[in-house]
Amino acid sequence: MRYQNGEIAPSGNVTARPVKDDLVLVDLNRGEYFSLNDTGRHVWEELSLASDLDDLVERLAGRFEGDRESIRRDVGAIIDDLLERRLLTRQVPPR
Amino acid sequence: MEARRSGRVFEYLLGDLSISSDLELGLPAADGNAGEPPDLIVRNAEEGWSMRNHSGSIRLAGGEYLLEGGIFYRPEPSASDRLITRDILDAVLPEYLSITGRTVLHCSVVDKGGDAVLFTGISGSGKSTTALALEAQGWRARADDFAIITSELEVETFGGPLRIRDDVYRALRPVAGDERARGKSIVERPWRSITTGIGAVAILEQGNEVLSEEIPGAEAFDQLIRGCFRRSQEEQLLKDQIDVMAKLVDLRPVVRLFVPRRLEDLTGVAGQLSSLLDRFVR
């Protein structure tokens with residue numbers, strides 16, 4: 001998915017498993033575990049299908065309350081958090 | 001039970017692990033695998049054994065072992081057979097099983113002839129003691145340190161000695177019944193493995209009264225995956241183990257179980273604890 005000035009995708013060393021209502025992300029290299037709540041789980045599942053942030057917001061709009069602008073802000077914060085924790089990777093195309 | 005002996009080498013079979021040793025370890029004898037290369041080689045350091053690569057070896061209480069194209073264990077010259085056996089049971093065997101793709105959970109196991117309940121928790125949380133205290137209520141302790149969880153959500157145990165503190169053993173002796181004490185704190189039982197369904201997993205914590213509460217999925221997964229032996233470097237094996245844990249949390253109750261820490265309190269509430277666990281098993 002295009003995001004800011006690059007392409008983001010789940011890190012290759014991260015595996016995701018549904019566990020009851022949550023989605024557990026396991027970083028196989030670092031041996032760390034993270035869980036996503038219902039909101040985070042939908043973001044994770046849809047971002048592999050979305051082409052960019054607008055498309056992702058559109059896909060999630062039916063599931064979440066609030067206007068598109070606030071959904072966009074919340075989803076952006078989740079993606080930034082996942083990037084910071086290296087659960088998502090970003091590749092910036094060469095100029 | 002006598003160890004199979006070939007010349008000066010003893011041959012043992014522990015679950016799937018075949019062991020060749022020049023020490024007599026008090027493990028079950030191998031039965032017909034002669035000629036097959038052993039999975040684990042135990043050699044006495046005094047017999048001229050030398051590790052090929054000490055930097056990659058793992059220190060244990062009674063010696064060290066090395067995983068490098070095989071499993072090699074070298075006891076300290078002063079280590080007793082009991083300490084060596086404990087190293088093999090507590091560390092080498094679960095590591096071997098984990099490396100070969102099994103999901104191995106640090107837990108004790110009890111059953112009443114049907115589904116099992118698994119007790120997990122940090123060391124000293126009372127896994128073995130709780131399991132043994134339940135024997136007066138018709139439960140049978142099947143494992144006190146680890147067991148294999150299969151993808152069908154069955155538990156496999158290896159039988160074998162239960163290890164409990166000396167004071168606990170003495171207090172529970174009337175309960176433990178027919179087993180004989182070996183050393184100060186080992187209850188020795190006939191070696192018998194069982195495979196049975198899993199009714200529930202209980203994470204033990206200290207509490208003044210017996211109480212269980214369900215744990216949210218992600219927290220339960222986190223607790224269980226921390227209790228797994230996971231040394232494999234193969235990504236697919238790790239993923240398989242994660243799958244089993246996720247499935248276990250998804251399909252079986254995982255509860256936090258509060259039990260008294262003091263033995264006399266625990267034996268006093270064993271009936272109440274048994275009734276609580278009854279609802280998890282078929």
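Whatever comes next refers back to the structure up there.
Residues numbered from 1 in each chain as written. Chains lettered and ligands numbered in written order. Predicted model: local features only at pLDDT ≥ 70, side-chain atom pairs only at ≥ 80, totals over all residues. Heavy atoms only, no water.

S.K.: Quick one: what's the story with the overall build of chain A, residue by residue and with numbers?
M.R.: Scanning chain A from N- to C-terminus turns up three helices and six strands. When the elements of chain A are put in sequence order from the N terminus, they spell out β-β-β-β-β-α-α-α-β. For 95 residues, the compact-globule estimate of 2.2 N^0.38 gives 12 Å, and the C-alpha radius of gyration of chain A, at 13 Å, lies within 12% of that figure. By principal-axis analysis of the C-alpha atoms, chain A measures approximately 45 × 35 × 20 Å. Buried residues in chain A amount to 45% of all 95 residues. Pairs at least 24 residues apart make up 49% of the contacts formed inside chain A by residues separated by at least 6 positions. Each charge sign in chain A was given a centre, from 14 positive and 19 negative side chains, and these centres are 4 Å apart. (Helix = DSSP H or I, 4+ residues; strand = E, 2+ residues; numbered from the N terminus. Rg over C-alpha atoms; globule rule 2.2 N^0.38 Å. Buried < 20%, exposed > 50% of the residue type's maximum accessible area, 1.4 Å probe, protein only. Contact = heavy atoms within 4.5 Å. Lys, Arg positive; Asp, Glu negative; His and termini not counted. Charge placed at Lys NZ, Arg CZ, Asp CG, Glu CD.)

S.K.: Let's hear about the sheet that holds strand β6 (residues 88-91) of chain A: which residues, and what values?
M.R.: Residue and element names in this part refer to chain A. Read from one edge of the open sheet, three strands run β1-β2-β6, paired in antiparallel fashion. Looking at strand neighbours, the two that pair on one side only are β1 (2-3) and β6, the edges of this open sheet. As paired strands, β1 and strand β2 (residues 6-10) are joined by two bridges and run antiparallel to one another. Looking at β2, one finds that Arg-2 is bridged to Glu-7. Of the strands in this sheet, β1, β2 and β6 touch helix α3 (residues 68-84), which is tilted by about 90° from β6. (Pairing = 2+ DSSP bridges. Axes fitted to C-alpha atoms, helices over the stretch in contact; angles between N-to-C directions.)

S.K.: Account for the layout of surface pockets, naming residues and giving values.
M.R.: All names here are of chain B. In this structure, the second largest pocket encloses a volume near 220 Å³. Residue lining of the second largest pocket: 13 residues in total, with Thr-120, Gly-121, Ile-122, Ile-203 and Gln-223 positioned closest to the centre. Broken down by secondary-structure element, the contributors of at least two residues to the lining of the second largest pocket are β17 (194-206) and α4 (217-226). With four residues, β17 is the largest single contributor of residues to the lining of the second largest pocket. (1 Å grid on protein atoms, 1.4 Å probe; cavity = no way out; pocket = protein on both sides within 12 Å on 5 of 7 lines; lining within 4 Å. Points joined across faces, edges and corners; volume = space filled by probe spheres on them.)

S.K.: Can you lay out the pattern of salt bridges for me, pointing to particular residues and giving the numbers?
M.R.: Residue and element names in this part refer to chain A. Summed over all chains, the structure comprises 22 salt bridges over all chains. The closest approach of N and O atoms between Asp-81 and Arg-85, which form a salt bridge, is 3.1 Å. Within the structure, one salt-bridge network assembled from shared partners comprises Glu-46, Asp-55, Arg-59 and Arg-63. (Salt bridge = Lys/Arg side-chain N within 4 Å of Asp/Glu carboxyl O.)

S.K.: Any details on the interface of chain A and chain B? Residues and values, ideally.
M.R.: Between chain A and chain B, the residue contacts involve twelve residues of the former and 16 residues of the latter. In total, about 1300 Å² of surface goes out of reach between chain A and chain B, with carbon and sulfur atoms giving 62% of it. Residues Asp243(B) and Arg17(A) are paired through a salt bridge, measuring 2.1 Å at the closest nitrogen-oxygen approach. Counting every contact that joins chain A to chain B gives four residue pairs in polar contact (both at pLDDT 80 or more). Looking at the side of chain A that touches chain B, the elements with two or more residues in it are β3 (14-19), β4 (22-27) and β5 (32-36) of chain A. If you tally residues by element for the side of chain A that touches chain B, the top one is β3(A), at four residues. Looking at the side of chain A that touches chain B, its residues break down into six nonpolar, three polar and three charged. (Buried area = accessible area lost by both parts, 1.4 Å probe. Polar contact = N/O pair within 3.5 Å; in protein donor to acceptor, adjacent residues only side chain to side chain. Nonpolar A, V, L, I, M, F, W, Y, C, P; charged D, E, K, R; others polar.)

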